[in-house]
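Each chain is listed here by its residues.
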Amino acid sequence: MERQGPMTPVVREASGPDTGAPIAGSDVCAAALAQFKDAMAQFGVPLSPEKTIGPVPVITFLGIEIDSVAMEFRLPKEKIDKLLDLISGCISVGFTGTAPSGALGGGGLPTFDLGCPGDLMPLIRSSIAPSTWKAYGKAWEEWCLLADGKPVGSSEEARMQVTMAFLSKMHAMGVSGSVARNRVSALAFHFKLRGWPDSTKHFLVSQLLKGWRRADRHGDNRRPISFDLLVSLVKALEPVCDSKYEAALMSAAFGLAFFGAMRVSEIVPTALNKPVASGGKTY
């Protein structure tokens, strides 16, 4: 059983010849699925008809096809075709050392020869997450604006001066120490990409970042959850929840988070799913 939302279980059924389970398509398998549906109806748990599949030998789960007959996992053909189209598109556009704005320079900013063939640049870009690449590109553009007209490509002293000006500007803007450290990591990445000595490893820069982080420390004013407070929270669930099932679900989540010392992101998904309508209600 797969759960796609907080209140909508989704039934998936598949079996194979070596599992000891009923073969998909048999009367036993279909009867088991029907029995499960009846049980969920008695408990008042809504099932999504369009997402209830079974018994079948092949299903798609989280974008991956599961074949219980061939006993294999595979990507659907349409996903493979889409990936190949994306790769072909990137290669056909081409990448050079003077990339567009937001990547490696350009857009009126100083550009520098990377000494890397253009057809290999997509591999370098794939070495880090897309969001990290975008953040690194933004920090690099800000650094390049300060470096305009200075011989940063040949002078380590000039690079150090621009880097210090970059830090000074961030501090004046009230940037936190953790953000400053991330942006300095972006500079280090681009310095190494160009074969330059890494000015961010200078003792002065390291000490500045260390002091920046210490100055940002503040006491945690959040109230910790004690056992008594947990009991009070569980007791307050039933009046505010739509059903006893939802109250039990939230109570289990609270208890699991408390005794397992888990973060919120370890209990619930970070992305919101689209609401699902069932039985006249939206979950």
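Preceding block: the structure.
Parameters and conventions
- Residues numbered from 1 in each chain as written.
- Predicted model: local features only at pLDDT ≥ 70, side-chain atom pairs only at ≥ 80, totals over all residues.
- Heavy atoms only, no water.
- Helix = DSSP H or I, 4+ residues; strand = E, 2+ residues; numbered from the N terminus.
- Buried < 20%, exposed > 50% of the residue type's maximum accessible area, 1.4 Å probe, protein only.
- Areas by Shrake-Rupley, 256 points an atom, 1.4 Å probe, with all protein chains shown as cover.
- Axes fitted to C-alpha atoms, helices over the stretch in contact; angles between N-to-C directions.
- Left-handed = near helix turned anticlockwise from the far one by under 90°.
- Contact = heavy atoms within 4.5 Å.
- Nonpolar A, V, L, I, M, F, W, Y, C, P; charged D, E, K, R; others polar.
- Core = buried A, V, L, I, M, F, W, Y, C linked by side-chain atoms within 4.5 Å.
- Salt bridge = Lys/Arg side-chain N within 4 Å of Asp/Glu carboxyl O.
- Phe/Tyr/Trp six-rings, centres within 6.5 Å; stacked < 30°, edge-to-face > 60°.

1. Considering the overall build of the chain
Then, number 1: In terms of helices and strands, the chain carries 10 helices and 7 strands.
Then, number 2: Buried residues in the chain amount to 29% of all 283 residues.
Then, number 3: Only carbon and sulfur atoms are counted for the fraction: they give 60% of the accessible area of the chain, which is about 18400 Å².

2. Structural notes on the packing of helix α4 (residues 130–147) against helix α5 (residues 156–172)
Then, number 1: Axis separation between α4 and α5 bottoms out at 9 Å; the angle between their running directions is 120°. In the packing of α4 onto α5, the handedness of the crossing is right-handed. Mapping the contact onto sequence places Ala139, Glu142, Trp143, Leu146 and Ala147 in α4 and Arg159, Val162, Thr163, Ala165 and Phe166 in α5.
Then, number 2: Residue classes in the contact of α4 with α5 are distributed as 7 nonpolar, 1 polar and 2 charged.

3. As for the nonpolar core
Then, number 1: In this structure, Trp140, Trp143, Val152, Leu167, Met170 and Leu209 are the most contacted members of the largest nonpolar core, which totals 26 residues.
Then, number 2: Within the residue set of this core, elements represented by two or more residues are α4, α5, α6 (177–193) and α7 (203–215).
Then, number 3: Setting aside its immediate chain neighbours within four residues, Met170 contacts Val175, Ala180, Arg183 and Trp212.

4. As for the pattern of salt bridges
Then, number 1: For the structure on display, the rule yields 5 salt bridges.
Then, number 2: Here Glu65 ties to Arg74 by a salt bridge, and the two come within 2.8 Å at their closest N and O atoms.
Then, number 3: For Arg74, a relative accessible area of 27% gives the class partly exposed.
Then, number 4: As a salt-bridge pair, Glu266 and Arg263 come within 3.6 Å of each other at their nearest N and O atoms.
Then, number 5: For Glu266, a relative accessible area of 45% puts it in the partly exposed group.
Then, number 6: Here the salt bridges share partners, and the residues they tie into one network are Glu65, Asp67, Glu72 and Arg74.

5. Some points on the packing of aromatic side chains
Then, number 1: Under the criterion given, the structure shown has 10 aromatic pairs.
Then, number 2: Seen in terms of ring centroids, Trp133 and Phe189 are 6.2 Å apart; in terms of plane orientation they differ by 80°. Their pairing is edge-to-face. On the criterion of sequence distance, the pair formed by Trp133 in helix α4 and Phe189 in helix α6 is long-range, its members being 56 residues apart. In this pair, the class of Trp133 matches that of Phe189, namely buried.
Then, number 3: Ring geometry for Trp140 against Trp143: centres 4.9 Å apart, planes inclined by 15°, an arrangement best described as stacked. One end of the pair, Trp140, and the other, Trp143, are both in helix α4, 3 residues apart, so they sit about a helical turn from each other. Each member of the pair, Trp140 together with Trp143, is buried.
Then, number 4: The rings of Trp140, Trp143, Phe191 and Trp196 are connected pair by pair, giving a single aromatic cluster.

Any functional reading would require information beyond the geometric quantities listed.
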